[in-house]
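For reference, the chains in residue letters:
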Amino acid sequence: MRKKRRRIDVKKLALVVIAFVAIMGIITTTWAYVDNQKKIKAEQLRIEEQKRKEEEEKKKYTVGTSHEGKKYSYDAKKIVEKLSKYDYSNNGEKIVFLTFDDGTSTTNTPKVLDILKEEDVKATFFLTGQNIEYGGEASRELIKREFEEGHAIANHTYSHDCKKLYPNRSLDLEAFKADLDKNDELLTDVLGKYFSTRVIRCPGGHGSWKNMEPLDNYLEEKNMVSIDWNALNADAEGKRKNARELTEYAIKTSQGKEIVVLLMHDTYGKEETVKALPAIIKYFKDNGYAFKTLV
Ligand SMILES: [Zn+2]
């Protein structure tokens, strides 16, 4: 009798142990499954959140300028076509593109930006990498400011070294491309991966050099555009001019044109350009011009 009970006890015990192990197994597996599902869900949410943030970030950009700046922008290609035919008419609608080359400078660019803000007009900045690097963090912040305040950003090569870009006054396409790309990389580094610009200005002006056809073909292929100017304040030519002379030069070269692409510089040493800027803007406002940017 006693013997039999003990045998049953052993069987029961074995069953209990087996049941316990099985239940524990089920619990552990279920728990691991639930935990894994939670992790998957969390990862999905993280990816969705990242995508949403990227989309949000992308919305701030449009080619050459910020989303905010888009409403002031104008197709640079159309302007280049007009300029190439020396046709500055625009069906009675006057437009001016204030363009600043060789920036940024930590001395004059902030003042130019202050004036543009004060006057509530937009401009296009043709930036040069070497000057940006020279100005360090302050220069990079200025580019961000240009972008955030709705101006257009264009590529004026990294080195601006005419001897390298056009040896014997003749284009070296590979050197030019490398220089453009280097500047592009710097601009993207400052403004973020969604920034891009298709507008360039050749150092010294496209019209000044020989053998430019390969560059034109390259730009055409990449849907990019090189633009010169049809008016200037002459802050980089001839004898040094004071603010009044710069203003007069800008007005003289703009007169009678419904499309004006005005060349100026906001780099180091161009303090007189800063001084002249309010009067130059006043001239275009008084004469009914709309201020646009090139993209
Ligand atoms: Zn230049």
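Structure's up top.
Residues numbered from 1 in each chain as written. Predicted model: local features only at pLDDT ≥ 70, side-chain atom pairs only at ≥ 80, totals over all residues. Heavy atoms only, no water.

K.L.:
How should the overall build of the protein be read in this particular structure?
P.N.:
Along its length, the protein carries 9 helices and 12 strands. Relative to the globule expectation of 19 Å for 295 residues, the C-alpha radius of gyration of the protein, 32 Å, shows a markedly less compact shape. Based on the C-alpha atoms only, the size of the protein along its principal axes is roughly 125 × 45 × 40 Å. Across the 295 residues in the protein, those meeting the buried criterion constitute 43%. Taking as baseline every contact in the protein between residues at least 6 positions apart, the subset at least 24 positions apart corresponds to 81%. For the protein, the exposed area adds up to about 16,600 Å²; of that, 54% sits on carbon and sulfur atoms. (Helix = DSSP H or I, 4+ residues; strand = E, 2+ residues; numbered from the N terminus. Rg over C-alpha atoms; globule rule 2.2 N^0.38 Å. Buried < 20%, exposed > 50% of the residue type's maximum accessible area, 1.4 Å probe, protein only. Contact = heavy atoms within 4.5 Å. Areas by Shrake-Rupley, 256 points an atom, 1.4 Å probe, with all protein chains shown as cover.)

K.L.:
Mind showing me how you'd approach the layout of surface pockets here?
P.N.:
Vacant regions in the atomic arrangement are exposed by a probe of water-molecule size rolled over the atoms. By volume, the largest pocket amounts to about 490 Å³. Around the largest pocket, the lining is made up of 19 residues, and of these Val80, Ser84, His206, Ser226 and Ile227 lie nearest the centre. Among the elements of the structure, helix H2 (76-84), helix H7 (213-221) and strand E8 (225-226) are those that each provide at least two residues to the lining of the largest pocket. (1 Å grid on protein atoms, 1.4 Å probe; cavity = no way out; pocket = protein on both sides within 12 Å on 5 of 7 lines; lining within 4 Å. Points joined across faces, edges and corners; volume = space filled by probe spheres on them.)

K.L.:
Looking at this structure, how should I read the state of the cysteines?
P.N.:
Linking two cysteines covalently via their sulfur atoms produces the bond known as a disulfide. On inspection of all chains with the given rule, the structure shows 0 disulfides. Looking at the unpaired Cys162, the closest cysteine sulfur is the one in Cys202, lying at 9.6 Å. By relative accessible area, Cys162 is classed as partly exposed at 23%. Given the relative accessible area of 0%, Cys202 is considered buried. (Disulfide = S-S within 2.5 Å.)

K.L.:
Just to check I follow, could you spell out H2 for this structure?
P.N.:
Each turn of an α-helix holds 3.6 residues, which means side chains three or four residues apart point in the same direction. Every buried residue of H2 is listed here: Ala76, Ile79 and Leu83. Considered in projection along H2, the buried side chains sweep an arc of 60° and stay on one side of the axis. The inward-facing, buried residues of H2 contact strand E3 (73-74), strand E4 (95-103), strand E7 (199-200), E8, strand E10 (259-265) and strand E12 (293-294). Between a side-chain oxygen at the N-terminus of H2 and the backbone nitrogen of Lys77 the separation is 2.9 Å; the capping residue is Asp75. A positive backbone phi angle near 55° is found at Tyr86, which sits one or two residues after H2. (Arc of directions from axis to C-beta. Polar contact = N/O pair within 3.5 Å; in protein donor to acceptor, adjacent residues only side chain to side chain.)

K.L.:
Explain the coordination of the zinc ion here, please?
P.N.:
As a benchmark, a tetrahedral metal site with four donors has ideal angles of 109.5 degrees, while an octahedral site with six donors has ideal angles of 90 or 180 degrees. Taken together, Asp102 (OD), His156 (NE2) and His160 (NE2) make up the full set of protein donors to the zinc ion, lying 2.1 Å away. Look at where the donors of the zinc ion fall in the sequence and you get D-x53-H-x3-H. Taken together, the residues Asp102 in strand E4 and His156 in the loop between strand E6 (152-155) and helix H5 (162-165) connect sequence positions 54 residues apart. The class for His156 is buried, based on a relative accessible area of 2%. (Donors = N, O, S within 2.8 Å, 3.2 Å for Na, K, Ca; no water.)

K.L.:
How should I be thinking about the environment of Lys94 in this particular structure?
P.N.:
Considering the arrangement of structural elements, one finds Lys94 in the loop between H2 and E4. The spatial distance from the C-alpha of Lys94 to the C-alpha of Lys257 is 7.8 Å, given a sequence separation of 163 residues. Apart from residues no more than four positions distant in its own chain, Lys94 is found in contact with Glu258, Asn287, Gly288, Tyr289 and Ala290. At 3.0 Å, the side chain of Lys94 forms a polar contact with the backbone oxygen of Asn287.

K.L.:
Explanation requested: the packing of aromatic side chains in the structure shown.
P.N.:
By convention here, two paired aromatic rings are described through the distance between centres and the angle between planes. With the rule as written, the count across this model stands at 11 aromatic pairs. Both rings, one in Tyr74 and one in Phe97, keep their centres 5.8 Å apart while their planes meet at 75°; by these two values the pair is edge-to-face. Residue Tyr74 is found in strand E3, and its partner Phe97 is found in strand E4; the two are separated by 23 residues along the sequence. By relative accessible area, which is 0% here, Phe97 ends up buried. Grouping aromatic residues by their ring pairs yields a cluster made of Tyr61, Phe147, Tyr194 and Phe195. Across the ring face of Tyr158, the terminal group of Lys182 is positioned such that the distance to the ring centre comes to 4.1 Å. One cation-aromatic arrangement involves Lys252 over Tyr249; the distance from NZ or CZ to the ring centre is 4.4 Å. (Phe/Tyr/Trp six-rings, centres within 6.5 Å; stacked < 30°, edge-to-face > 60°. Lys NZ or Arg CZ within 6 Å of the ring centre and 35° of its normal.)

Interpretation in functional terms is not warranted from these geometric data alone.
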